[in-house]
Amino acid sequence: MKRLGYILFALLLQYAPVQAQEQEDTAYQHMRKEYLNYYNNPHEEKKFYEYSEKMKAYYLDHNNLDSYYKVKINEALYDTEHGYTYRAIKKANDILDEMKKDGIKQYDVVYTVLGTIFDTRGSFRMSEKYYMSALASANPDDKGTLISIYSRLADLKSTRQPKEAWEWNEKFGALAIDIPEYYKVYLVLKGRICFFLNNHRLFDQTYEQLQNHLKNYPHINHYGVTSMEMMKAVFDKHYERALHIINTDTILHDNLYQYDTRIKAYEMMGRSDLALKEVNKRRDVRDSLNSDMMFNNINEINAEMGIAKINEKAAKEREMWLAVVIILLVSALGLVISRSLMRRKMEKKLRQQNKDLEVALSRAEESDRMKTSFIEHVSHEIRTPLNVITGYAQIVSNPDYTLNQELRDKMLSEINHNTMEITDIVNELLEVAQDESKEYYVKEDAIAVNELAKQLLASTEKKNQGRLELRFRTDLSDDYTFKCNRAAVIKAINPVLNNALKFTDKGSVELYVHESPDHGVVRFIITDTGIGISKEYRKHIFERFFKVDPFKQGFGLGLTVSQKIAQLLGGSLELDNSYEQGARFIFTLPA
């Protein structure tokens with residue numbers, strides 16, 4: 001499923017200029033030709049890697065490090081194209097380490113590869129991050145590198161942020177004007193951007209430029225031209241022709257971005273029914289891609305863990321395989337929970353507002369974005385403990401390393417600790433799914449407020465371990481009780497206390513309880529002396545997956561779940577905006 005920018009990037013790597021002695025070496029020329037042929041043949045993976053090793057050995061023998069690293073980068077691109085994203089990311093990181101060791105500072109190509117990998121996985125945010133890192137690292141005089149980065153940014157943003165995509169594409173076009181193949185890519189990208197900007201006049205100008213360019217250079221490939229024909233038919237209101245192209249030309253069905261193009265085309269035709277079907281197809285295709293990539297990656301991890309199994313005793317083998325099983329369960333469970341949450345939300349909305357197809361289309365798109373966000377959060381949370389498990393497993397199982405028993409036991413302890421972290425993530429996901437399905441709580445428990453508050457602080461102290469001062473203050477007598485659901489109250493307050501610990505480096509955390517006779521309510525007030533919450537974030541803190549600090553552990557669901565529980569108990573959870581020395585949350589329940 002190659003996209004325009006991907007093809008352009010691969011061309012820039014594959015067809016780099018060769019040195020004079022290489023042009024005269026007929027054996028090298030034959031080897032290079034075979035290598036490029038196998039690169040473009042998806043059924044010859046073994047042959048591709050065989051010739052890749054030959055190419056790397058040749059370049060090292062001739063002290064051509066630039067070409068050596070281009071071959072290694074091509075391996076990562078090859079793995080990406082065939083769904084082995086775990087292997088590709090690992091190779092890209094290994095290339096960075098090797099380049100640093102060799103004193104080579106041209107990291108921009110590796111960052112561009114990482115951007116391409118995450119683009120293939122459908123991760124817009126991570127892809128954009130790495131492309132911008134590549135741009136920051138690039139030599140401003142390196143025309144080939146800038147062409148690669150500008151085209152990738154334009155391609156990435158063309159359907160989501162067409163105005164920004166326009167700016168990047170114009171920079172690309174200014175550099176590619178003397179290179180017919182690349183300039184054709186620039187015109188096709190420009191046409192797509194005009195389509196998503198709904199600018200008929202500029203599109204027609206671009207279409208005419210493309211036709212003239214193809215006449216002047218008949219030898220270049222026509223990839224992307226069919227898509228331009230379809231978009232022109234939509235602009236010209238020749239909808240039957242547009243539908244014919246969409247339904248008969250397989251080139252329009254080769255990647256997720258073409259789904260975006262067809263959805264836009266259907267919307268411009270006023271065919272909301274077809275647009276809605278296309279959104280559902282896109283979601284199913286993306287689910288299938290994510291599943292294929294995930295299971296390919298799991299197979300890669302299984303292979304690495306298998307090495308450790310052969311060399312370790314039975315007890316250590318069980319620990320290694322347990323990690324693999326948990327990873328599989330987390331991956332599968334994440335998809336199941338994500339699908340369950342999104343389907344439940346979609347079904348509820350469709351039952352309430354099934355007025356017309358326009359509303360259904362809007363909600364289907366929102367569900368797709370929410371599911372993507374959920375998967376990204378789960379992937380981010382398991383990545384760190386998974387890397388620790390994999391890294392230590394490789395060291396322990398490698399016979400080249402001589403480890404004393406103390407160090408070996410320490411590494412196995414780390415593997416076990418991170419395995420438990422992943423288990424905790426699974427448990428948290430299960431709790432979130434359970435709380436999402438709750439519609440009410442039975443309030444039959446007689447709760448002694450002071451006793452409950454002390455219990456909550458005692459539980460918090462186990463995590464605090466004396467780091468901060470934990471204070472309890474009350475205006476109630478010890479025999480004061482009220483009717484509620486004890487487990488639900490604990491589940492609602494615990495995330496607030498945990499956040500107070502997480503975002504407070506020094507000072508104190510206080511839990512204060514009192515009764516408001518005028519309103520007949522009990523209030524639990526949690527106050528800390530931490531970093532507080534900036535004004536621009538305050539209106540978002542109860543939203544799903546929102547995190548003030550994206551690098552802190554957690555899914556960004558704690559406050560969301562706490563507020564929902566408070567509401568189901570007939571109360572509320574609010575942020576006190578008047579407090580400026582940290583953060584203060586007020587949990588109110590009817591007495």
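Every chain is numbered independently, its residues counted from 1 as its sequence is written. Since the coordinates come from a predicted model, pLDDT governs what is reported: local features require at least 70, and pairs of side-chain atoms require 80 or more to be given and counted, while whole-chain, interface and lining totals use all residues. Working from all heavy atoms in the structure, the side-chain values ignore hydrogens and water.

1. With respect to the packing of helix α10 (residues 162-176) against helix α11 (residues 180-197)
To get an axis, fit a line to the C-alpha atoms, keeping to the stretch in contact for a helix; angles then go from 0 to 180 degrees between the N-to-C directions. Here a helix means four or more residues in a row that DSSP labels H or I, a strand means two or more in a row labelled E, and each is numbered from the N terminus. Where α10 contacts α11, the two axes come as close as 9 Å, and the packing angle between them is 160°. Considered as vectors, α10 and α11 are oriented roughly antiparallel to each other. Here the hand of the crossing between α10 and α11 comes out left-handed. Contact residues: α10 offers Pro162, Lys163, Ala165, Trp166, Asn169, Glu170, Phe172, Gly173 and Ala176, while α11 offers Tyr182, Tyr183, Val185, Tyr186, Leu189, Lys190, Ile193, Cys194, Phe196 and Leu197. Classes in brief: Ala, Val, Leu, Ile, Met, Phe, Trp, Tyr, Cys and Pro nonpolar; Asp, Glu, Lys and Arg charged; the others, Gly included, polar. Across the contact of α10 with α11, the residue classes break down as 14 nonpolar, 2 polar and 3 charged. An angle below 35 degrees is read as roughly parallel, one above 145 as roughly antiparallel, one from 65 to 115 as roughly perpendicular, and any other as oblique. Should the near helix be turned anticlockwise from the far one by less than a right angle, the crossing is termed left-handed; should it be turned clockwise, right-handed. Here a residue-residue contact requires only that any non-hydrogen atoms of the pair lie within 4.5 Å.

2. Some details on the side chain of Arg152
With respect to the helices and strands, the residue Arg152 is situated in helix α9 (residues 143-157). Relative accessible area decides the class of each residue, using a 1.4 Å probe on protein chains only: under 20% of the type maximum gives buried, over 50% gives exposed, and in between gives partly exposed. Look at Arg152 and you get buried, because its relative accessible area is 1%. A polar side-chain atom of Arg152 sits 3.1 Å from a polar atom in the side chain of Asp155. The definition of a polar contact used here is a pair of N or O atoms within 3.5 Å, where within protein one atom must be able to donate a hydrogen and the other to accept one, and adjacent residues in sequence count solely through side-chain atom pairs.

3. Thoughts on the environment of Cys194
Considering the arrangement of structural elements, one finds Cys194 in helix α11. With a relative accessible area of 1%, Cys194 lands in the buried category. Expressed as a C-alpha distance, the spacing of Cys194 and Lys163, which sit 31 residues apart in the sequence, is 9.2 Å.

4. Comments concerning the packing of aromatic side chains
Only centres within 6.5 Å qualify two rings of Phe, Tyr or Trp (six-membered ring in Trp) as a pair; their planes then separate them into stacked at under 30 degrees, edge-to-face at over 60, and tilted for everything else. Under the defined criterion, the tally for this structure stands at 17 aromatic pairs. Pairing Tyr58 with Tyr59 gives two aromatic rings, centres 5.9 Å apart and planes at 75°, and the pair type is edge-to-face. Both residues of the pair, Tyr58 and Tyr59, belong to the buried class. Consider the rings of Phe172 and Tyr186, whose centres lie 6.3 Å apart with planes at 80°: the pair is edge-to-face.

5. Focus: the environment of Trp168
Tracing the sequence through the fold places Trp168 in helix α10. Classification of Trp168 as buried rests on a relative accessible area of 13%. For the pair Trp168 and Ala154, spaced 14 residues apart in sequence, the C-alpha separation works out to 5.2 Å. Those residues in contact with Trp168 that sit more than four places away from it in its chain are Met132, Leu135, Tyr150, Leu153, Ala154 and Lys157.

6. Topic: the confidence of the model for the chain
Confidence scores here are pLDDT values: one per residue, from the predictor, ranging 0 to 100. A residue-level look at the chain finds 79% of positions with pLDDT of 70 or above and a mean pLDDT of 80. When the criterion is pLDDT under 50, residues 1-17 qualifies, and its contacts beyond four places in sequence or with other chains add up to 64 contacts. Contacts from residues 295-311, a stretch scored under 50 in pLDDT, to residues over four places away or in other chains number 35 contacts.

7. So, unusual backbone geometry
Positive phi is not limited to glycine here, since Asn198 has a value of about 60°. Within the secondary structure layout, Asn198 lies in the loop between α11 and α12 (200-216). With relative accessibility at 47%, the residue Asn198 sits in the partly exposed group. Of note, the phi angle at Gln465 is positive, near 55°, even though the residue is not glycine. Secondary-structure assignment places Gln465 in the loop between α20 (449-464) and β2 (469-474).

8. Things to note about the pattern of salt bridges
One speaks of a salt bridge when a side-chain nitrogen belonging to Lys or Arg is within 4 Å of a carboxyl oxygen belonging to Asp or Glu. In this structure the tally under the stated criterion is 22 salt bridges. Across the salt bridge formed by Glu580 and Arg538, the nearest N and O atoms sit 3.7 Å from each other. Note that Glu580 is positioned in the loop between β6 (572-575) and β7 (584-590) and Arg538 in helix α22 (residues 535-538), a separation of 42 residues in sequence. By sharing partners, the salt bridges in this structure join Glu53, Lys56, Glu75, Asp79 and Lys91 into a single network.

9. Remarks on α10
Over its 15 residues, α10 extends 20 Å from the first C-alpha to the last, a length consistent with the 21 Å expected when each residue adds 1.5 Å. Turning to α10, its buried residues number three or more, namely Pro162, Ala165, Trp168, Asn169, Phe172, Gly173 and Ala176. Summarising the axial view, the buried residues of α10 lie within an arc of 145°, below the 170-degree limit, and thus occupy one face. The outward face of α10, more than 90 degrees from its buried face, is lined by the exposed residues Lys163, Glu167 and Ala174. Given the number of residues in a helix, its expected span is that number minus one, multiplied by 1.5 Å. The arc in question is the one traced by the directions running from the helix axis out to the C-beta atoms.

10. What to know about the packing of helix α7 (residues 108-120) against α9
Running from N to C, α7 and α9 cross one another at 20°; their axes reach a closest spacing of 11 Å. The pairing of α7 with α9 is recorded here as roughly parallel in orientation. Both α7 and α9 take part in a crossing whose hand is left-handed. For the pair α7 and α9, the contacting residues are Asp108, Thr112, Thr116 and Asp119 in the first and Thr145, Ser148, Ile149, Arg152 and Leu156 in the second.

11. Description of α9
Here α9 spans 21 Å end to end across 15 residues, near enough to the 21 Å set by a 1.5 Å rise per residue. Extensive coverage of α9 is indicated by the burial of 13 of its 15 residues. The opening residue of α9, the one whose side-chain oxygen lies 3.3 Å from the backbone nitrogen of Gly144, is Asp142.

12. Focus: the environment of Gly122
Locating Gly122 in the fold gives a position in the loop between α7 and α8 (124-137). Residues Gly122 and Leu156, spaced 34 residues apart in sequence, show a C-alpha to C-alpha distance of 9.9 Å.

13. Looking at the nonpolar core
Remark: nonpolar core denotes a set of buried residues (Ala, Val, Leu, Ile, Met, Phe, Trp, Tyr, Cys) joined through side-chain atoms within 4.5 Å. Membership of the largest hydrophobic core comes to 46 residues, with the highest contact counts inside it found for Phe172 and Met230. When residues in this core are grouped by element, the largest group, 10 residues, is from α11. Both domain 1 (1-135) and domain 2 (139-270) contribute no fewer than three residues apiece to this core. Ala488, Ala500, Ile565 and Leu569 belong to the second-largest nonpolar core, a separate cluster that totals 41 residues. The domain boundaries here were taken from an automatic or database domain assignment.

14. Some words on the sheet that holds strand β5 (residues 521-528)
A sheet is described by the order of its strands in space; here 5 strands give the open sequence β2-β4-β5-β7-β6, paired in mixed fashion. Every other strand in the sheet has two partners, leaving β2 and β6 as the edge strands with one partner each. Each strand of the sheet is rotated relative to its neighbour by a mean of 15°, with strand direction disregarded. When strand β4 (residues 508-516) meets β5, the two strands line up antiparallel, connected through 8 bridges. DSSP calls a pair of strands paired once it identifies at least 2 bridges connecting them.

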